[in-house]
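Single-letter residue listing:
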Amino acid sequence: MQITIDTLDTDGVQALGCMQLPSFRTRFSSLAVEGWARFVPANGDPGACVGKSFFVEIAQERVTDLQRVDDISFHEKVVALDESEAFHVFGTVTAVVQGGEPPDHVILSVASGDAIFTLDRGDLGDIKLCVGDKLAFIAHALSLWDEAI
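Being a predicted model, the structure only gives us computed values, none of them experimental.

**Student:** Outline the overall build of the protein, listing residues and values.
**Tutor:** Along the backbone of the protein there are one helix and 11 strands. Taking 149 residues into account, the globule formula puts the C-alpha radius of gyration at 15 Å, and the protein, at 16 Å, falls close to it. Principal-axis analysis of the C-alpha atoms places the extent of the protein at approximately 45 × 35 × 25 Å. Put simply, the protein has 149 residues, and 40% of those count as buried. Put simply, of all contacts in the protein between residues at least 6 apart along the chain, 61% involve residues at least 24 apart. Surface accessibility of the protein: about 8,000 Å² in total, with carbon and sulfur atoms responsible for 52%. Distance from the positive charge centre (10 side chains) to the negative charge centre (23 side chains) of the protein: 3 Å.

**Student:** So what's going on with the sheet that holds strand 2 (residues 21-30)? Which residues, and what values?
**Tutor:** With mixed pairing, five strands are arranged side by side around a closed barrel as 1-2-3-11-4. Adjacent strand axes in the sheet meet at a mean angle of 45 degrees when their direction is disregarded. Direction of pairing for strand 1 (residues 2-16) relative to strand 4 (residues 53-59): antiparallel, over a ladder of three bridges. Looking at strand 4, one finds that I3 is bridged to F54.

**Student:** How would you explain the pairing of strand 8 (residues 106-112) if you had to name every residue and give the values?
**Tutor:** Within strand 8, five of the seven residues are buried, leaving the element largely enclosed by the surrounding structure. Judged from the six bridges that link them, strand 8 and strand 9 (residues 115-120) form a sheet pairing that is antiparallel. Bridging across to strand 9, I107 finds its partner in D120. The loop that links strand 8 with its antiparallel partner strand 9 comprises two residues; one of these, G113, has a positive phi angle of about 65 degrees.

**Student:** So what's going on with the packing of aromatic side chains? Residues and values would help.
**Tutor:** Tallying each qualifying case throughout the model produces three aromatic pairs. Residues F28 and F87 carry aromatic rings whose centres are separated by 6.1 Å and whose planes lie at 50 degrees to one another, so their mutual orientation is tilted. Here F28 is found in strand 2, whereas its partner F87 is found in strand 7 (residues 87-98), with 59 residues between them in sequence. Here the two residues F28 and F87 agree in accessibility, since each one is buried.

**Student:** Outline the pattern of salt bridges, supporting the account with residue identities and numerical values.
**Tutor:** All told, the structure shown has three salt bridges when counted by the stated rule. The residue E85 makes a salt bridge to R25 at a minimum N-O spacing of 3.6 Å. With E85 in the loop between strand 6 (77-80) and strand 7 and R25 in strand 2, this residue pair connects regions lying 60 residues apart in the sequence.

**Student:** Describe in detail the nonpolar core, supporting the description with residues and values.
**Tutor:** Core analysis: the biggest nonpolar cluster contains 32 residues, and M1, I3, F39, F117, L119, F137 and L144 have the highest contact counts within it. With residues up to four places along the chain from it excluded, the contact list for F39 reads I3, I5, L8, P22, S23, F24, T26, C49, F54, V56, L144 and D146.

**Student:** Now, about unusual backbone geometry: what can you tell me, with residues and values included?
**Tutor:** The backbone of Q20 shows a phi angle near 50 degrees, a positive value even though the residue is not glycine. As for its placement among the helices and strands, Q20 is situated in the loop between strand 1 and strand 2.

**Student:** Residues and numbers for the confidence of the model for the protein, please.
**Tutor:** Residues shown with low pLDDT carry predicted positions that ought not to be read at fine detail. Of the residues in the protein, 99% have a pLDDT of 70 or more, and the chain-wide mean is 92. Across the protein, element-level confidence peaks in strand 4 with a mean pLDDT of 97 and bottoms out in helix 1 (residues 121-124) with 90.

**Student:** For the side chain of D123, give the residues involved together with the corresponding values.
**Tutor:** Along the chain, D123 falls in helix 1. Other than its neighbours up to four places away in sequence, D123 contacts Q60, V63, L66 and T118.

What counts and what doesn't
Starting afresh in each chain, residues are numbered from 1 along the sequence in its written order. Restriction of local features to residues with pLDDT of at least 70 applies here, the model being predicted, together with a cutoff of 80 or more for giving and counting side-chain atom pairs; totals for whole chains, interfaces and linings are based on all residues. Hydrogens are left out, water is left out, and the side-chain values use all remaining heavy atoms of the structure. By definition, any uninterrupted DSSP run of H or I lasting at least four residues is a helix, any uninterrupted run of E lasting at least two residues is a strand, and each is numbered from the N terminus. We compute the radius of gyration from the C-alpha atoms alone; for a globule the expected value is 2.2 Å times N to the 0.38, where N is the number of residues. Only protein chains enter the accessibility calculation, which uses a 1.4 Å probe; a residue whose area is less than 20% of its type maximum is buried, one above 50% is exposed, and one in between is partly exposed. Whether two residues touch is decided by their heavy atoms; if any such pair falls within 4.5 Å, the residues are in contact. Accessibility throughout is a Shrake-Rupley quantity obtained with a 1.4 Å probe, and a residue counts as covered only by protein chains that appear here. We count Lys and Arg on the positive side and Asp and Glu on the negative side, and we leave His and both chain ends out. To locate a charge, take NZ of a lysine, CZ of an arginine, CG of an aspartate or CD of a glutamate. Strands pair, by our definition, only if DSSP identifies at least two bridges between them. Angular values range over 0 to 180 degrees, each being the angle between N-to-C directions of two axes fitted as lines to C-alpha atoms, with helices fitted over their stretch in contact. Centres within 6.5 Å are what make two rings of Phe, Tyr or Trp a pair, Trp counting through its six-membered ring; a difference in plane orientation under 30 degrees is then read as stacked, over 60 as edge-to-face, and the rest as tilted. Whenever Lys or Arg places a side-chain nitrogen within 4 Å of a carboxyl oxygen from Asp or Glu, that contact is recorded as a salt bridge. The nonpolar core is taken to be a set of buried Ala, Val, Leu, Ile, Met, Phe, Trp, Tyr and Cys residues, with the residues joined through side-chain atoms within 4.5 Å. The score called pLDDT rates the predictor's confidence residue by residue, from a low of 0 to a high of 100.

Here it is as structure tokens:
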């Protein structure tokens, strides 16, 4: 997804991911959504990111309220919530990859416009999903990772 950084707090550094890369609280906008998230830039000068556009991958710390949506008037969208860095996602399953450990391990790609979310078995609970299924869920602690990393 392509985003534009509207504001970035260089004082609020937080390490993310297995490599503990620095992230910054950021107000961003894109074609799909706007709101607050953690941004992990590839360059060493986060202050220079304001006003610039980046292609990012989306991650979230957890997913809640996951449900299949059968509404005929369903529209893909991502809506920022009052909770900082949380978003209500309405999307379509575009890929299901099975394998790995444990044997029932599964990873889903869920598209909402140009925003792609990745969910795994821990996010799904007992729900079995297929490509084309429509979903709604809340993504908490959203982070945006500069694809140049």
